[in-house]
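Letter by letter, the chains look like this.
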Amino acid sequence: QHYTHLFQIPEGAPRKKMSERQPLLLQSDASDYEGSRGSAARPVRSSPPDNTLVNVHSEDSLAASGSGDDEHGSATDKASYNPTLHRTLEHPTSNFDTLIHLLKGNIGTGILAMPDAFKNAGLYVGLFGTMIMGAICTHCMHMLVNCSHELCRRLQQPALDFSEVAYCSFETGPLGLRRYSQLARRIVTTFLFITQIGFCCVYFLFVALNIKDVMDHYYKINVHIYLLLMLVPMILLNLVRNLKYLTPVSLIAAILTVAGLAISFSYMLHDLPDVHTVKPIATWATLPLYFGTAIYAFEGIGVVLPLENNMRTPEDFGGTTGVLNTGMVIVACLYTSVGFFGYLKYGEDVKGSITLNLPQGDTLSQLVRITMAVAIFLSYTLQFYVPVNIVEPFVRSHFDTTRAKDLSATVLRIVLVTFTFLLATCIPNLGSIISLVGAVSSSALALIAPPIIEMITFYNVGYGRYNWMLWKDFLILIFGLGGFVFGTWASLAQILNDRTH
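Residues numbered from 1 in each chain as written. Predicted model: local features only at pLDDT ≥ 70, side-chain atom pairs only at ≥ 80, totals over all residues. Heavy atoms only, no water.

## Quick notes on the overall build of the chain
This is how it is decided: In this text, helices come from DSSP runs of H or I with a minimum length of four residues, and strands from runs of E with a minimum of two, each type numbered from the N-terminal end. Burial here depends on accessible area, computed with a 1.4 Å probe over protein chains only, as a share of the maximum for the residue type. Under 20% is buried, over 50% is exposed, and the range in between is partly exposed.
Counting its regular elements, the chain contains 17 helices and zero strands. Considering the chain as a whole, with its 501 residues, one finds that 59% of them fall into the buried category.

This is the structure:
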C-alpha cells in the first residue's frame, strides 16, 4: 500500500499548457517553484519509480473552466466529449502493466498485519469482513473513476487527479458549496500527506522491529537503539532527489517482498491447528482496531486515477472483468488468506507483523525478516517522495536564490525524516500505529471522500431511480465515518494503554 499521491499544484503558480506528457521522474532540484512546478506531473504514491507513471493533463486552468457552464459551448458538445481520446500519452501502459502497478500499490506492510487484524475481529468475522471491506473499497475506486470521467466531460479536460476531482466536483456542484472548492482540494491533499507520513512511520518501525527480532537471538538491545541507528542511512537515502536513480532500488524491493511473502506462507501452512483453537468472533471492543488495520491494507485508492489516466485502453480499467476488479479480487484473496492462516496458526500470540511470529532460531525465518526489512527500508523513499513534493514547493517559494531554494529543500527532507523517526519512537507498537493510520487517513480517502464527491458531482445529473445512488452513498459515508471515529478512538486508547503499562 502502499502505495499514490500527487503533487499539489500551488495556487498562484502559473499553469502551463502541456504539449506532451512529462515523465514522472522529475528532478526536483532542477525545477524551480515559480514556473515549472505548475506543470509538474504528479508522482504516484507507492508505485515504485520503474512505473514511470504520469498524470496526464492539458493544463488549462481548472478554476477558469469550473465556474460558468456556458463557456464550453452547447450541452451536446459536452455529452459527446470523450476525455480518453484527448490524452496525449508518451508511454501508455498496457492492461497487464496497469494490473502489476495496481497490485504493487495495494500490497505493502498492510498484508503482514492482516493476522493481527483477524485477532481483533475473530476468524469468521475477519474472513467475511475482509471480503466485504474489499468490495466496498473497490466500489469506492469505481465511484472515483466515474466522477473523474463525468467531470472531465463537463469541463472538457482529458484527465484529473484525486485532489482536482474533489476541487472540480465542488466547483461545478450546488451553488452554495462552490466557495468550498479550494477547501475540498486542500483537505484531500492534507489527508494524502498524513497517509504518507503515517506509512513512513510504519516503515521505520517495521524495519527496526524485524532487525531487533533477528539480533535478539544473539544480543538483546532496546528497539529505540535500532531506530536511532537507522536514522542516518534513512536521511542519506532520502536526499536522493531524482527518482530515476531509485528504479533498481524499487525493483529489488518488489522481488524481496514476493520472496519474503512466499516463505512466510510456507511457515504458516505448516502444521495448521484446528479451527476451534481460535475465536470465531472477537469482542465489540477490538472490532474498530480490525477496521483500522483492514482499511490500511486496502489503501490503493490514491493510485487508481493516475493508473487509469495512463492506460493505452482506459475503457478496460472499469467494467465487471476490468483491470480494477481483477486486481482487487487478487488483493482481497491474498489479504484474506494471509489473515486467516496467520491467525489460525499463531492464535492470540500473533504480532503486529506476521514476520515477527516466525520461529526465532531458524536460519530461513531470520532470512525472511532481513529480506522484508531491507525491502521495506528501500520502499520508504518512494513513500516519502509524495509528502515531500506536497510541501517542498511551498517551502522553496519563500527563498529567492536557487542555492537557498535547494538548501531549504534539503533541510525539509532531513526534518521530515526525523519527524517520522520521532513519531515511530513515541509509538513502538506496530499493530496500534497501523490501525491508527488506517482509521484516520485511509478511511478518509478510501471511504469518506468518494461518496461525498459522487453526491456533489451528480447533484445536477440526478441519482437514478428512487435516488438509489444517494442512499448507497449515505450508507458508505456512515460506515466510513463510524470506522473513522471508533477506529481512531480504539487505536489511541490502545496506544495510551501501552504507554501506561
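## Some details on unusual backbone geometry
When glycine is set aside, most residues are seen to have a negative phi, and most peptide bonds are trans. Backbone geometry at Gln-156 places phi at a positive 55 degrees, although glycine is not the residue there. In this structure, Gln-156 sits in the loop between helix H6 (123–155) and helix H7 (162–171). The phi torsion at Asn-467 lies on the positive side, around 55 degrees, for a residue other than glycine. Topologically, Asn-467 is positioned in the loop between helix H16 (430–457) and helix H17 (468–500).

## Digging into the pattern of salt bridges
Oppositely charged side chains can pair when the atoms bearing their charge come close. Stated precisely, the cut-off is as follows: Any carboxyl oxygen of Asp or Glu that lies within 4 Å of a side-chain nitrogen of Lys or Arg is treated as forming a salt bridge with it.
Overall, the coordinates contain eleven salt bridges when judged by the stated rule. Salt bridges linked by common partners bring Glu-392, Arg-396, Asp-406 and Arg-413 together as one network.

## Concerning the side chain of Glu-454
Position of Glu-454 relative to the elements: it lies in helix H16. Under the relative-accessibility criterion, Glu-454 is labelled buried at 4%.

## Description of the environment of Ile-295
This is how it is decided: By the convention used here, residues are in contact when the closest approach between their heavy atoms is within 4.5 Å.
Relative to the helices and strands, Ile-295 is located in helix H11 (residues 287–297). On the accessibility criterion, Ile-295 (0% relative accessible area) is buried. In this structure the C-alpha to C-alpha distance between Ile-295 and Ala-446, which are 151 residues apart in sequence, comes to 8.0 Å. Dropping the residues within four chain positions of it, Ile-295 is found in contact with Met-133, Cys-137, Gly-438, Ala-439, Ser-442, Ser-443, Ala-446 and Leu-447.

## Thoughts on a nonpolar patch on the surface
To keep it simple, the criterion reads: To count toward a patch, a residue needs a relative accessible area above 30% and no salt bridge. Like charges then connect within 9 Å, nonpolar side chains (Val, Leu, Ile, Met, Phe, Trp, Tyr) within 5 Å. The Shrake-Rupley method, run with a 1.4 Å probe, gives the accessible areas here. Residue values count only the displayed protein chains as cover.
A cluster of nonpolar side chains, contributed by Tyr-124, Phe-128, Met-131 and Ile-132, occupies part of the molecular surface with about 410 Å² of accessible area. Relative to the assigned elements, Phe-128 resides in helix H6. The partly exposed category is assigned to Phe-128, whose relative accessible area is 49%.

## Quick look at the packing of aromatic side chains
The line we're drawing: Think of it this way: a Phe, Tyr or Trp ring, Trp meaning its six-membered ring, pairs with another when their centres are within 6.5 Å, and the plane angle makes it stacked under 30 degrees, edge-to-face over 60, tilted otherwise. Over a ring means this: the NZ of a Lys or the CZ of an Arg is within 6 Å of the ring centre and within 35 degrees of the ring normal.
The full count for this structure, using the stated rule, is seven aromatic pairs. Measuring from ring centre to ring centre gives 5.6 Å for Phe-204 and Tyr-380, while their planes differ by 85 degrees; the resulting arrangement is edge-to-face. Separated by 176 residues along the polypeptide, Phe-204 in helix H8 (residues 181–215) and Tyr-380 in helix H14 (residues 363–396) bring together distant segments of the chain. Just as Phe-204 is buried, Tyr-380 falls in that class too. Here the aromatic cluster, defined as three or more aromatic residues joined through ring pairs, consists of Phe-204, Tyr-380, Phe-384 and Phe-421. Just above the ring of Tyr-167 sits the side chain of Arg-185; from NZ or CZ to the centre is 4.2 Å.

## A few points about the packing of helix H5 (residues 114–121) against H11
Axis angle and axis distance: for two packed helices, these are the angle between their axes and the distance between the axes, and together they describe the pair. We apply this condition: In this analysis an axis means a line fitted to C-alpha atoms, helices contributing only their contacting stretch, and an angle means the value between N-to-C directions, from 0 to 180 degrees. An angle below 35 degrees is read as roughly parallel, one above 145 as roughly antiparallel, one from 65 to 115 as roughly perpendicular, and any other as oblique. Crossings are assigned a handedness: left-handed for a near helix turned anticlockwise from the far helix by less than a right angle, right-handed for a clockwise turn. Under this grouping Gly is polar, as are all residues other than the nonpolar Ala, Val, Leu, Ile, Met, Phe, Trp, Tyr, Cys and Pro and the charged Asp, Glu, Lys and Arg.
At a minimum axis distance of 7 Å, the contact between H5 and H11 shows a crossing angle of 155 degrees. As far as their axial angle goes, H11 and H5 are roughly antiparallel. Taken as a pair, H5 and H11 cross one another with a handedness that is left-handed. Of the residues in H11, those in contact with Met-114, Ala-117, Phe-118, Asn-120 and Ala-121 of H5 are Leu-287, Leu-289, Tyr-290, Thr-293, Ala-294 and Ala-297. Partitioning the contact of H5 with H11 into residue classes produces nine nonpolar, two polar and no charged.

## With respect to the environment of Asp-316
Where we set the bar: Think of a polar contact as two N or O atoms within 3.5 Å of one another; within protein, one of them needs to be a possible hydrogen donor and the other a possible acceptor, and neighboring residues in sequence only count if both atoms come from side chains.
By secondary structure assignment, the location of Asp-316 is in the loop between helix H12 (301–309) and helix H13 (323–346). It is 9.9 Å that separates the C-alpha atoms of Asp-316 and Ser-94, two residues lying 222 residues apart in sequence. With residues near it in sequence (within four places) discarded, Asp-316 still touches Asn-95, Met-311, Gly-322 and Val-323. In this structure the side chain of Asp-316 is engaged in a polar contact, spanning 2.9 Å, whose partner is the side chain of Asn-95.

## Let's talk about the environment of Gly-361
Its location among the elements puts Gly-361 in the loop between H13 and H14. Separated by 147 residues in the primary sequence, Gly-361 and Val-214 have C-alpha atoms spaced 8.7 Å apart.

## Some points on the state of the cysteines
Test applied: Disulfides are defined as pairs of cysteine sulfur atoms found within 2.5 Å of each other.
Per the stated rule, a full pass over the model turns up zero disulfides. There is no disulfide at Cys-140, and the cysteine sulfur nearest it, in Cys-137, is 6.4 Å away. Under the relative-accessibility criterion, Cys-140 is labelled buried at 0%.

## Quick look at H7
Burial of H7 is extensive: ten of the ten residues sit out of reach of the surface. Among the residues of H7, those classed as buried are Phe-162, Ser-163, Glu-164, Val-165, Ala-166, Tyr-167, Cys-168, Ser-169, Phe-170 and Glu-171.

The quantities given are spatial measurements derived from coordinates; they are silent on function.
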